[in-house]
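In case you want the letters, here they are:
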Amino acid sequence: MSTAERTWSGPSAPERLALLRQATSIAIVGASDKPSRASYFVATYLLSSTRYKVYFVNPVVKEILGQPTYASLADLPESPDIVDVFRKHDDLPGVLDEAVAAGAKTLWLQLGSWHEGVAADAEAAGLNVVMDRCVKIEHARFHGGLHLAGFDTGVISSKRQVLS
């Protein structure tokens, strides 16, 4: 993540919800087959808890969670609505170029990922941009799977639990 001052402001919560509601496909760039990686955790959630068609982009892994991987966004069978990026800062301009060429609608940079130049270039190319937010957390928050603090409380109620 860049240490430069943050001046870009992203979409509001209702706008992020609209992006997630309008999407039918998500490509995870930098997807990993290692269960300890955040991208694997997000992939597991998206496959088990959402209606999205999920594509994995990783040129060195053949399969993730029983699904094929693709070497690049250009290899996908369709244009992804959201490109969810798990790549290092210096790789982000290249991922943006691939996302634009693939016809993506939204470039979504995961928690800790912030690149104002990429955001400006993506918006100039007509893409929506979300930075430093997790697709899984946002989806779960908007669909009742997370407490306001961002954690699953295990309580399914609109009333506060009273501890005795």
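Note: the structure precedes this text.
Colleague: What should I look at first to understand the pairing of strand 5 (residues 82-85) in this one?
Modeller: If a strand is regular, its side chains alternate between the two faces of the sheet. Here strand 5 shows two buried faces, one formed by Ile-82 and Asp-84 and the other by Val-83 and Val-85. As judged from the four bridges shared by strand 1 (residues 25-29) and strand 5, these two strands associate in the parallel manner. Note that in strand 5 the partner of Val-29 across the bridge is Val-85. Of the strand pairs in this sheet, strand 5 and strand 6 (residues 106-109) are connected by four bridges, and their pairing is parallel. Across the sheet, the residue bridging to Val-85 is Leu-109, located in strand 6. You can see the chain leave strand 5, run along helix 3 (residues 92-102) and come back into strand 6, and the turn it takes is right-handed.

Colleague: I would appreciate a short explanation of a negative patch on the surface in the present structure.
Modeller: A cluster of like negative charges, contributed by Asp-75, Asp-97, Glu-98 and Asp-121, occupies part of the molecular surface. Looking at where Asp-121 falls in the secondary structure, it is placed in helix 4 (residues 116-124). Since its relative accessible area comes to 49%, Asp-121 is described here as partly exposed.

Colleague: Would you mind showing me how to read unusual backbone geometry here?
Modeller: Only a minority of non-glycine residues have a phi that is not negative, and only a minority of peptide bonds are not trans. Here Leu-65, not a glycine, exhibits a phi torsion of approximately 50°, which is positive. For Leu-65, the position within the fold is in the loop between strand 3 (63-64) and strand 4 (67-70). Using a relative accessible area of 34% as the deciding quantity, one classes Leu-65 as partly exposed. Within the chain, Asp-132 stands out as a residue other than glycine whose phi angle is a positive 55°. As for its position among the elements, Asp-132 is in the loop between strand 7 (128-130) and helix 5 (135-142). By relative accessible area, which is 23% here, Asp-132 ends up partly exposed.

Colleague: Which parts of the structure should I look at to understand the packing of helix 2 (residues 38-49) against helix 5?
Modeller: Any two packed helices are characterised by the angle at which their axes cross and by the distance between the axes. Running from amino to carboxyl end, helix 2 crosses helix 5 at an angle of 35°, the nearest separation of the two axes being 9 Å. Contact residues: helix 2 offers Phe-41, Val-42, Tyr-45, Leu-46 and Ser-49, while helix 5 offers Val-135, Lys-136, His-139 and Ala-140. Here the contact of helix 2 with helix 5 is composed, by residue class, of six nonpolar, two polar and one charged.

Colleague: What's the story with the environment of Gln-22 in this structure? I'm lost.
Modeller: You can see Gln-22 is positioned in helix 1 (residues 13-22). For Gln-22, a relative accessible area of 60% corresponds to the exposed category.

Calculation criteria
- Residues numbered from 1 in each chain as written.
- Predicted model: local features only at pLDDT ≥ 70, side-chain atom pairs only at ≥ 80, totals over all residues.
- Heavy atoms only, no water.
- Buried < 20%, exposed > 50% of the residue type's maximum accessible area, 1.4 Å probe, protein only.
- Helix = DSSP H or I, 4+ residues; strand = E, 2+ residues; numbered from the N terminus.
- Pairing = 2+ DSSP bridges.
- Right-handed = clockwise from strand over helix to strand, strands pointing away.
- Patch = residues over 30% accessible without salt bridge, like charges linked within 9 Å, V, L, I, M, F, W, Y side chains within 5 Å.
- Areas by Shrake-Rupley, 256 points an atom, 1.4 Å probe, with all protein chains shown as cover.
- Salt bridge = Lys/Arg side-chain N within 4 Å of Asp/Glu carboxyl O.
- Lys, Arg positive; Asp, Glu negative; His and termini not counted.
- Charge placed at Lys NZ, Arg CZ, Asp CG, Glu CD.
- Axes fitted to C-alpha atoms, helices over the stretch in contact; angles between N-to-C directions.
- Contact = heavy atoms within 4.5 Å.
- Nonpolar A, V, L, I, M, F, W, Y, C, P; charged D, E, K, R; others polar.

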